[in-house]
2 protein chains.
Amino acid sequence: MTSSKTASSLAANVIKLSDPEKELLDQVDVFIFDCDGVIWRGDSLIDGIPETLAKLRAAGKKMFFVTNNSTKSRAGYKKKFDGLGLNDVPAEEIFSSSFAAAAYLEQTKFKDTGKKVYIIGEVGICEELDLIDVPYIGGPADSNKQPDMGSGGMLEVDEDVGAVVVGFDRNVNYYKIQYAQLCINEHDAQFIATNLDAVTHLTDAQEWAGNGSMVGAIKGCTGQEPLVVGKPSPLMIDYLENKYGMDRSRICMVGDRLDTDVLFGTDNGLKSLLVLSGVTSEEKLLSPENSITPDFYADTINDFFAAAPAPKEA
Amino acid sequence: MTSSKTASSLAANVIKLSDPEKELLDQVDVFIFDCDGVIWRGDSLIDGIPETLAKLRAAGKKMFFVTNNSTKSRAGYKKKFDGLGLNDVPAEEIFSSSFAAAAYLEQTKFKDTGKKVYIIGEVGICEELDLIDVPYIGGPADSNKQPDMGSGGMLEVDEDVGAVVVGFDRNVNYYKIQYAQLCINEHDAQFIATNLDAVTHLTDAQEWAGNGSMVGAIKGCTGQEPLVVGKPSPLMIDYLENKYGMDRSRICMVGDRLDTDVLFGTDNGLKSLLVLSGVTSEEKLLSPENSITPDFYADTINDFFAAAPAPKEA
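This one's a predicted model, so the numbers in the text were calculated from it and none came from an experiment.

### Examining the domain arrangement of chain A
All names here are of chain A.
(1) Moving on: Looking at the assigned domains, one finds that chain A contains domain 1 (4-68 + 247-304) and domain 2 (99-228).
(2) Moving on: Both faces considered, domain 1 and domain 2 share a buried interface measuring about 330 Å² in area, 33% of it formed by carbon and sulfur atoms.
(3) Moving on: Applying the counting criterion to the domain 1 and domain 2 interface returns zero salt bridges.
(4) Moving on: Joining domain 1 to domain 2, the criterion identifies one residue pair in polar contact (both at pLDDT 80 or more).
(5) Moving on: Along the lines of polarity and charge, the residues of the side of domain 1 that touches domain 2 split into no nonpolar, two polar and three charged.

### Points about the sheet that holds strand β9 (residues 190-193) of chain B
All names here are of chain B.
(1) Moving on: Strand order in this open sheet of five strands is β7-β6-β8-β9-β12, and the pairing throughout is parallel. Strands at the two margins of the open sheet, each flanked by one partner only, are β7 (136-138) and β12 (227-228).
(2) Moving on: Summarising the sheet, strand β8 (residues 161-166) and β9 pair through four bridges and their orientation is parallel. Looking at the pairing, Val 164 lines up with Phe 191 of β9.
(3) Moving on: Most of the contacts of helix α6 (residues 123-131) go to strand β6 (residues 116-120), to which it runs at about 165°, and overall it touches β6, β7 and β8.
(4) Moving on: Packing of helix α7 (residues 174-187) onto the sheet brings it into contact with β6, β7, β8 and β9, and relative to β6 it is tilted by some 145°.

### What about the packing of helix α8 (residues 211-222) of chain A against helix α8 (residues 211-222) of chain B?
(1) Moving on: Look at α8(A) against α8(B): their axes get within 6 Å of each other, and the N-to-C directions meet at 140°. In the packing of α8(A) onto α8(B), the handedness of the crossing is right-handed. Within the contact between the two elements, α8(A) uses A:Gly212, A:Ser213, A:Gly216, A:Ala217, A:Gly220 and A:Cys221 and α8(B) uses B:Gly212, B:Ser213, B:Gly216, B:Ala217, B:Gly220 and B:Cys221.
(2) Moving on: Grouping the amino acids of the contact of α8(A) with α8(B) by side-chain chemistry returns four nonpolar, eight polar and no charged.

Cut-offs used in this document
- Residues numbered from 1 in each chain as written.
- Chains lettered and ligands numbered in written order.
- Predicted model: local features only at pLDDT ≥ 70, side-chain atom pairs only at ≥ 80, totals over all residues.
- Heavy atoms only, no water.
- Domains from an automatic or database assignment.
- Buried area = accessible area lost by both parts, 1.4 Å probe.
- Salt bridge = Lys/Arg side-chain N within 4 Å of Asp/Glu carboxyl O.
- Polar contact = N/O pair within 3.5 Å; in protein donor to acceptor, adjacent residues only side chain to side chain.
- Nonpolar A, V, L, I, M, F, W, Y, C, P; charged D, E, K, R; others polar.
- Pairing = 2+ DSSP bridges.
- Helix = DSSP H or I, 4+ residues; strand = E, 2+ residues; numbered from the N terminus.
- Contact = heavy atoms within 4.5 Å.
- Axes fitted to C-alpha atoms, helices over the stretch in contact; angles between N-to-C directions.
- Left-handed = near helix turned anticlockwise from the far one by under 90°.

Here is the structure:
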């Protein structure tokens, strides 16, 4: 570990957290944590995290856990948290991009239109739409379908589709693409993307094509840009402000990526903190090529408390 | 039919063909015809076309037929021409975008690299690569595959893939997307698109999501732009210049679309002629909003000869 003095002298605006009480905890009421690289890596919890989260709770801090993965609902993610021993995290603190899509539809009173949603995506989106009572078609139900492409053939679409939600879908196929194309091009359905991540971490063995592929397919046949509800969209912060009356200057975004997490924080008027427990190295952060600077950085969120993480609470 | 005088007085730079011998045939050695909307509409030949093509041949004109559809090879398209009674068109005059991909690989001596191609697309691309003896994998053979996405699972790719060719593929799936992603992102394979058409005419009953979808999927997971070999890429004109020593100022692009066919002509230093037998109306062509002007326009290519098309030759 590099001392904070050395680090901060290398790049004027990049400060390693050294007095967390004064620099961070006194200034922040709400922490938004990116999950992968901050809370866990792949399927393994990062050491000391349960204790640190418990200390933050004991100090009266609110927290939210954000993931651009839309394949699980909040409830589905709750099971992952539980499985990793993070049983204290309630579903309400989890912001999956499947939930973000539902939250957007709720905020814009989609239900009042009487329309339904066409889903490219997996069960997470279905479960979230069930919870807000918005009808939907597509998703897993269309995974084995093929349109009639014989002479004179066509795919008939439900004219009541008012929005197409596109999330990661490992069973994406031409039927779904054509269905979405017709809804958007011919029936003016809204085009909503849970996120645009190019790659995702389905397994630890390699990087996998992410929802950028599914969204790209629909961009390519409609010429339209989607409304993005997951990171780095400002919608989540609007939601927190509206729902909980939170002051965004006292929210801190914590993540391991400069161009998504930190940018998301700075673009939205939040404090931002980069942790080195994920994909970004201190060298990259401090290099002259990097123009994205968090307010602070730390090795892990365990550094939010001065002493080494000890399981006093929990 | 509107008289040429009326039409040309409406918009200064848009001239309806009135003296085809002097205005067109004396100036042009080679005609490049878009097919749909020029030669046929859907599955029906436009009246008088065989006779007009025969007259052009009798006048010593060379001609090429271009289509962005990659699902058929030249040989496959030859069958379509034959079926419509255009038996005089040899395969060498047909420029499908599947052929364009093969022509590009040939021009750039891809075979000498010893690498192979990964195909997202249908049999047309396979047949064209067979003809130039370039090895390939993927395409129809990967239509029913799924990668191992279980814990620790991965998709192993052939490290000898030097290029990914993406054409229209009604059996596109996540396996193919992930395969292409790994080849491009991790093994620096070239990313080649046959075309970027948003929609295509699989059947007459509706518009269908086109190769823009397949290419969009790969753009979305790689962040890369493809090299496009079909319309409106200049590669085909380079090919004609190199292969046949043609003078591009004596080539005329003939099509029914302003933003693809006519633009393709003007961008490449060709003459251009719009026919009204396809998707563009005279009203649209002459409207003040239209900024794309062909050198001439005509109702159909039958107007290339002053008299009404009569089957004198053929």
